[in-house]
Structures are given as structure tokens and as C-alpha cells.
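Summary of the model geometry
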Amino acid sequence: GPGYWLWTFTTSTATVYHVDRNRGRQVVLDLLGETFSGILVSDCLAAYENLPYRMHKCIAHHQKAIAKARERPDTADPTYLNEWKLLFTVVNALWKHRADLGEPEFLRQRSHLELWLDRLLAEPRTQIGDVAIQNRIGKRREVVLGCLDDPNAEPTNNRAERSLRDPGVIAWKVSCGNKTQAGKTAWERLVSLAMTCQQRGHDFVTWL
């Protein structure tokens, strides 16, 4: 029926789909558990706030918010917002080239980013778009650079976005969704296994 949400939890080697009437943080806690030891990469939806995990917020979503603030008719001077855009571009580049730089140089540049980030957050701003971005980033200061804490934590949640679109949205548009609890559960399990087999290079039918 209407009012259900499709959740996806994915890494480079496994994907789990879950359909739930709830869109709150309890779903995350139920599926990952209280002792999840990885880094949760997500957008800034309230369901992903204040969880007992290491976290990183998708920088692509931050960049979209920055672009939206720049497009406001009352943004007369985009200088401050442009600096935020550049900072996140550098974060992405630093993550990508971590192995090439070597750990000492990576840590040096990471330290520079921390200082740059705090300077932007401390800068007095009055322009509405500037204040909105400053508040958005400041609220999540401790997890802004989370992707630099672990090489396996990606800078964006694009992997999850793709895993939602590929089988999930297509199946929904074709079938209009399952109508029973048993159908929901069967779909969750089969598609989770099929996607995971695909990620690992296994033929799903042969595996079954």
C-alpha cells in the first residue's frame, strides 16, 4: 500500500534492501545495530542524525545546497559560497589521491582542511544564503570530513542513490509494488541477494 519507503544499505561488495512504513532513525538502528563499526555515509535527512556511529555526510548534497544558495536573488556576493564549493572540491580530491600522496602528506593536507573549515564556520556572515550554508555545515561539523577518516568511506552517497534507482524504482514503476507482507519480504531478500551477487561477479541463477 502507499506510505512505504525503500531503504538501501550498500558497500562495494554487498547491498541490503528494506521496505518499511517508517522513515525514522529506528530503521537504521534496527538494521545496522547499536555496534556498527563502519562509517555511515548518507545525506542530511533527519533519520541519519544523532546515531551512535562514525558518520560522513555526502559532499554532493552539500554542493547542491551551496549552488542553491548562490542562485538566491538576494545573494549579491557569492565569494563566501564559492569558498565552500572549493573546500569540498579539495576534500573530494584529497580522498581520491590519498594513496598517491602518502600518509604524512595526506595528514598535512587534512590538517589544513580542518583549519580552513573552522575559519569559514567562524566568519561572521549576514547574507541569508551564506548563513544557511554556515548553519548547515556547522550543525554537522564533527562529520564533515568523515570520508577522510577511512579510505573505504566514500565522499558521496552516490552508491546508495544508484542502488535505489536501479532495481528499486524500476520494479516499483513496473509492478506498482507488492501488496502483501510476504511479497515485500520476498522482494527484499531476492533483490538484496541478486544485487550482492552482481557486485561480486557471481551469476545469481547459478548461485541459487
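Preceding block: the structure.
In what follows, the accompanying structure is described.

Reading the values: the criteria
Residues numbered from 1 in each chain as written. Predicted model: local features only at pLDDT ≥ 70, side-chain atom pairs only at ≥ 80, totals over all residues. Heavy atoms only, no water. Disulfide = S-S within 2.5 Å. Buried < 20%, exposed > 50% of the residue type's maximum accessible area, 1.4 Å probe, protein only. Salt bridge = Lys/Arg side-chain N within 4 Å of Asp/Glu carboxyl O. Helix = DSSP H or I, 4+ residues; strand = E, 2+ residues; numbered from the N terminus. Phe/Tyr/Trp six-rings, centres within 6.5 Å; stacked < 30°, edge-to-face > 60°. Lys NZ or Arg CZ within 6 Å of the ring centre and 35° of its normal. Pairing = 2+ DSSP bridges.

The subject of this paragraph is the state of the cysteines. All chains considered together, the criterion is met by 0 disulfides. Among the cysteines around Cys44, which has no disulfide bond, Cys58 carries the closest sulfur, lying 8.1 Å off. Since its relative accessible area comes to 17%, Cys44 is described here as buried. Here Cys147 is not disulfide-linked; the sulfur of Cys58 is the nearest cysteine sulfur, at 9.8 Å. You can call Cys147 buried: its relative accessible area is 0%.

Let's shift gears to the pattern of salt bridges. The tally for this structure, following the rule as stated, stands at 16 salt bridges. Here Glu49 and Lys57 are joined by a salt bridge, their closest N and O atoms 3.9 Å apart. Between Glu114 and Arg141 there is a salt bridge, with the nearest N and O atoms lying 2.4 Å from each other. One end of the pair, Glu114, is in helix H5 (residues 103-122); the other, Arg141, is in the loop between helix H6 (128-139) and helix H7 (158-175), and 27 residues separate them in sequence. Here Glu114 falls in the partly exposed class, since its relative accessible area comes to 22%. Owing to a relative accessible area of 16%, Arg141 belongs among the buried residues under this scheme. What emerges from the salt-bridge pattern is a single network uniting Glu83, Arg119, Glu123, Arg125 and Asp130.

Attention now moves to the packing of aromatic side chains. Any pair of aromatic rings gets described here by the distance separating the centres and the angle formed by the planes. Inspection of the entire model under this criterion finds 7 aromatic pairs. Geometrically, the ring pair formed by Phe204 and Trp207 is stacked, given 6.5 Å between the ring centres and 20 degrees between the ring planes. Of this pair, Phe204 and Trp207 both sit in helix H9 (residues 204-207), 3 residues apart, which is roughly one turn of that helix. On the basis of relative accessibility, which here comes to 48%, the residue Trp207 falls in the partly exposed class. An aromatic cluster is present here, built from Trp7, Phe9 and Tyr48 joined pairwise through their rings. Sitting over the ring of Trp5, Arg23 keeps its end group 4.0 Å from the ring centre. Its end group placed over the ring of Phe106, Arg98 keeps NZ or CZ at 4.0 Å from the ring centre.

Attention now moves to the pairing of strand S2 (residues 15-20). One ladder, built from 6 bridges, connects strand S1 (residues 5-10) with S2; its direction is antiparallel. Its bridge partner being in S2, Phe9 is matched across the sheet by Val16. Between S1 and S2, which pair antiparallel in sequence order, lie 4 residues.

That's the geometry; what it means functionally is another story.
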